[in-house]
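# Topology and contacts: notes
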Amino acid sequence: MSDTTSPVNKIDTSVVHPARRYNYWLGGKDNFAVDRESGDQVAAVFPTAMQAARENRRFLQRAVGFLAGEVGIRQFLDIGTGLPTADNTHEVAQRIAPQSRIVYVDNDPLVMAHARALLTSSPEGKGAYIERDLRDPAAILDAPELHDTLDLREPVGLMLVAILHFVRDFEDPYGVVARVIEALPSGSYVVMSHGTYDGVPAETVAALEHANAASGGQSRPRSRDEFARFFTGLELVDPGIVPVGEWRPAPGDRVPDPLDICMYGAVARIP
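Reference entry: report on the structure contained in this document.

Cut-offs and rules
Residues numbered from 1 in each chain as written. Predicted model: local features only at pLDDT ≥ 70, side-chain atom pairs only at ≥ 80, totals over all residues. Heavy atoms only, no water. Phe/Tyr/Trp six-rings, centres within 6.5 Å; stacked < 30°, edge-to-face > 60°. Helix = DSSP H or I, 4+ residues; strand = E, 2+ residues; numbered from the N terminus. Buried < 20%, exposed > 50% of the residue type's maximum accessible area, 1.4 Å probe, protein only. Lys NZ or Arg CZ within 6 Å of the ring centre and 35° of its normal. Salt bridge = Lys/Arg side-chain N within 4 Å of Asp/Glu carboxyl O.

## Quick notes on the packing of aromatic side chains
For any two aromatic rings, the description comes down to two numbers: the centre-to-centre distance and the angle of the planes. Within the structure shown, the criterion is met by 8 aromatic pairs. Relative to Tyr189, the ring of Phe66 has its centre 6.4 Å away and its plane inclined at 80°; by these criteria the two rings are edge-to-face. With a gap of 123 residues between them, Phe66 in helix α3 (residues 49-71) and Tyr189 in strand β5 (residues 189-195) connect regions that are remote in the sequence. Comparing Phe66 with Tyr189 shows no difference in burial state: the two are buried. In this structure an aromatic cluster arises from ring pairing among Tyr174, Phe227, Phe230, Phe231 and Tyr264. One cation-aromatic arrangement involves Arg229 over Tyr174; the distance from NZ or CZ to the ring centre is 3.8 Å.

## Points about the pattern of salt bridges
Tallied over the entire structure, the rule returns 11 salt bridges. A salt bridge links Glu70 to Arg248; the shortest N-O distance between them is 3.7 Å. Within this pair, whereas Glu70 is found in helix α3, its partner Arg248 is found in the loop between β7 (242-243) and α11 (258-261), the two being separated by 178 residues in sequence. By relative accessible area, which is 29% here, Arg248 ends up partly exposed. Glu171 is paired through a salt bridge with Arg168; the nearest N and O atoms lie 3.4 Å apart. You'll find Glu171 and Arg168 in the same group, each marked buried. Salt bridges sharing common partners tie together Asp133, Arg135, Arg168 and Glu171.

Functional significance is not addressed by these values, which are geometric in nature.
If you want it as structure tokens, here you go:
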């Protein structure tokens, strides 16, 4: 994420954007030279960066499948959408329940342009795309497109996947998440994943911080305890807070080494 909040912001090809860098790591083509350069700098000191991006994506797909299939959630709010790739939230949900409704939110105009072009809802369902920033939850919750698509009196699956480590401490990440959760009814679910340095050697952490700073990247990986704070008052779904590769892997899946992914994930119910 960047600090944009307005739908009129222009695409800045000179500044690294996490969604475009993530797209590069996933093998996509919707990125610029500055994003690829940043991605290569990070991968030089964290060679499994591309694997981490793929595992995080698989976590999203399994979590959406769980909510749509086992829980029966039929509407989703996906904040920090990222650039479209295979099996996006609406595709997983609508494959299980074609009537599912999804609102995508991102603060990059390029993401929104691609989303509107490529993220096509099933005829039975509905999709909307809002250019807003997670740091301004009121702007998301007040958006007419949100209320035209989702009924906030009914349970919602809130997706906050690989986004919160871009909200730094002074930007009140816990307060931001709490304000969105407070707007959702009982029986809703929250899906989160978050970067971490837990277990990473100090010299690798220093190199990663240097690589991010050199390309203008700004992130705040958090410990397991810090990540757990986001779930205060919520009911964690088994297996709780775990490395993303360990969250309900499919039979036969190879579970990666957590230090190759450096990402926690969890799903929780709003009581």
